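Coordinates in review
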Amino acid sequence: GQQLNQSPQSMFIQEGEDVSMNCTSSSIFNTWLWYKQDPGEGPVLLIALYKAGELTSNGRLTAQFGITRKDSFLNISASIPSDVGIYFCAGHDDAGNMLTFGGGTRLMVKP
Amino acid sequence: NAGVMQNPRHLVRRRGQEARLRCSPMKGHSHVYWYRQLPEEGLKFMVYLQKENIIDESGMPKERFSAEFPKEGPSILRIQQVVRGDSAAYFCASSPWVGQIMGATNEKLFFGSGTQLSVL
């Protein structure tokens, strides 16, 4: 089946630093989404990308849909303590009925 | 502004008992998805339902697991004769129907807070 590989698996950074994480796929997706999950909660949608090459921002977050449609990255600028959590990429292809999730990147921010 | 509601938040069962997890989608949403998350892992798709229909159950174990989304009431994920390996967080998500005429897909999922199932 389809697989999404996220890297890094975890990051421990200083408050104020920029963060970058990415997601690669063994197959093409037509939509990429990035979610954040806080402890004990469900994932919350951050950014959705619909076109290859698309670059989209949401506040301090920026995400891009790779040209090959097999990858995406998420950047967080000037990190703050509330950015702590697990970030998941998810891909959707029009042939399927569900989102396929990556394994997550656990972000820890030191004040 | 009610989101996706799941209950219970925590469920403890002994091996061999039945677990029933409930999910009420967001108002106006007619599509429900169930995902399972093991500790330190991502979410794995289980089943996709519309009202009174199972659309895709390719991620659901063939035995002991079933799901329904009746015309009235919440969606139910039922696990019979639970085993320790069923311990996980179970998340429900819903999405609106956007219509095939527009060429859009219902990929934006809104998740509930999950049910943490612990099997003793």
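Before reading on, note that the structure itself is shown above.
Residues numbered from 1 in each chain as written. Chains lettered and ligands numbered in written order. Predicted model: local features only at pLDDT ≥ 70, side-chain atom pairs only at ≥ 80, totals over all residues. Heavy atoms only, no water.

Observations concerning the overall build of chain B
The condition is simple: Numbering goes from the N terminus for both helices and strands, where a helix is a DSSP run of H or I of at least four residues and a strand is a run of E of at least two. When checking whether two residues touch, look at their non-hydrogen atoms; a contact exists if any pair is within 4.5 Å. In these tables, accessible area is a Shrake-Rupley quantity obtained with a 1.4 Å probe, and a residue counts as shielded only by the protein chains included in the view.
Within chain B, the secondary structure is distributed over zero helices and 11 strands. Helices (α) and strands (β) of chain B occur, in sequence order from the N terminus, as β-β-β-β-β-β-β-β-β-β-β. Nonlocal contacts in chain B, meaning residues at least 24 apart in sequence, comprise 53% of its contacts between residues at least 6 apart. When the accessible area of chain B is evaluated, it comes to approximately 6,500 Å², of which 48% is carbon and sulfur surface.

Topic: the state of the cysteines
Think of a disulfide as a covalent bridge from one cysteine sulfur atom to another cysteine sulfur atom. To be explicit about the condition: When two cysteine sulfur atoms lie within 2.5 Å, the pair is treated as a disulfide. Only protein chains enter the accessibility calculation, which uses a 1.4 Å probe. A residue is then buried if its area is under 20% of the maximum for its type, exposed if over 50%, and partly exposed in between.
Enumeration according to the criterion identifies two disulfides over all chains in this entry. Between the sulfur of C23(A) and that of C89(A) lies a disulfide, 1.8 Å long from S to S. Of this pair, C23(A) sits in strand β3 (residues 19–25) while C89(A) sits in strand β9 (residues 85–92), and the two are 66 residues apart along the sequence. A relative accessible area of 0% means that C89(A) is categorised as buried. The disulfide that involves C23(B) links it to C92(B), with 1.8 Å between the sulfurs. Measuring the twist about the S-S bond at about -55 degrees, one finds the C23(B)-C92(B) disulfide to be left-handed. Of this pair, C23(B) sits in strand β3 (residues 19–24) while C92(B) is found in strand β9 (residues 88–95), placing the two residues 69 residues apart along the sequence. For C92(B), a relative accessible area of 0% gives the class buried.

So, the pairing of strand β8 (residues 75–79) of chain B
All names here are of chain B. As a reminder of what qualifies: Pairing between two strands is assigned when DSSP locates at least 2 bridges connecting them.
Burial runs high along β8: four of the five residues are buried. Pairing between β3 and β8: five bridges, direction antiparallel. Within β8, the residue paired with L21 across the bridge is L77. Pairing of strand β7 (residues 65–68) with β8, which is carried by four bridges, proceeds in the antiparallel orientation. What sits directly across from E68, in β8, is I76. Joining the antiparallel neighbours β7 and β8 is a turn of six residues, in which G73 adopts a positive phi near 100 degrees.

Side note on the pairing of β9(A)
Residue and element names in this part refer to chain A. Among the eight residues in β9, eight count as buried, and that is most of the element. Both strand β4 (residues 31–37) and β9 contribute to a ladder of seven bridges, which runs antiparallel. Each residue of the ladder has a partner; that of Y35, found in β9, is F88. Sheet topology note: the β9/strand β11 (residues 105–110) ladder contains three bridges and is antiparallel. Considered in β11, the bridge of I86 is made with R106. The sheet contact formed by β9 and strand β10 (residues 100–101) spans two bridges and is antiparallel. Following the sheet pairing, A90 is matched in β10 by F101.

Digging into the sheet that holds β3(A)
Residues and elements named next belong to chain A. Worth spelling out the cut-off: Axis lines are fitted through C-alpha atoms, for helices just across the contact stretch, and the angle between N-to-C directions can take any value from 0 to 180 degrees.
Spatially, β1-β3-β8-β7-β6 is the arrangement adopted by the five strands of the open sheet, whose pairing is antiparallel. Unpaired on one side and paired on the other, β1 (4–7) and β6 (55–58) mark the two borders of the sheet. Recorded for the sheet is a direction-independent mean angle of 15 degrees between the axes of neighbouring strands. In the sheet, β1 pairs with β3 via four bridges, with the strands oriented antiparallel. Residue pairing across strands places N5 opposite T24, the latter belonging to β3.

As for the packing of aromatic side chains
The test is simple: Two rings from Phe, Tyr or Trp (for Trp, the six-membered ring) form a pair when their centres are within 6.5 Å of each other. A pair whose planes differ by under 30 degrees is stacked, one over 60 is edge-to-face, and the rest are tilted.
According to the stated counting rule, one finds nine aromatic pairs over all chains in the structure shown. Geometrically, the ring pair formed by F101(A) and Y35(B) is edge-to-face, given 5.4 Å between the ring centres and 80 degrees between the ring planes. Of this pair, F101(A) sits in strand β10 while Y35(B) is found in strand β4 (residues 31–37), placing the two residues in two different chains. Cluster of aromatic residues (ring-pair linked, three or more members): Y35(A), F88(A), F101(A), Y35(B), F45(B) and F111(B).

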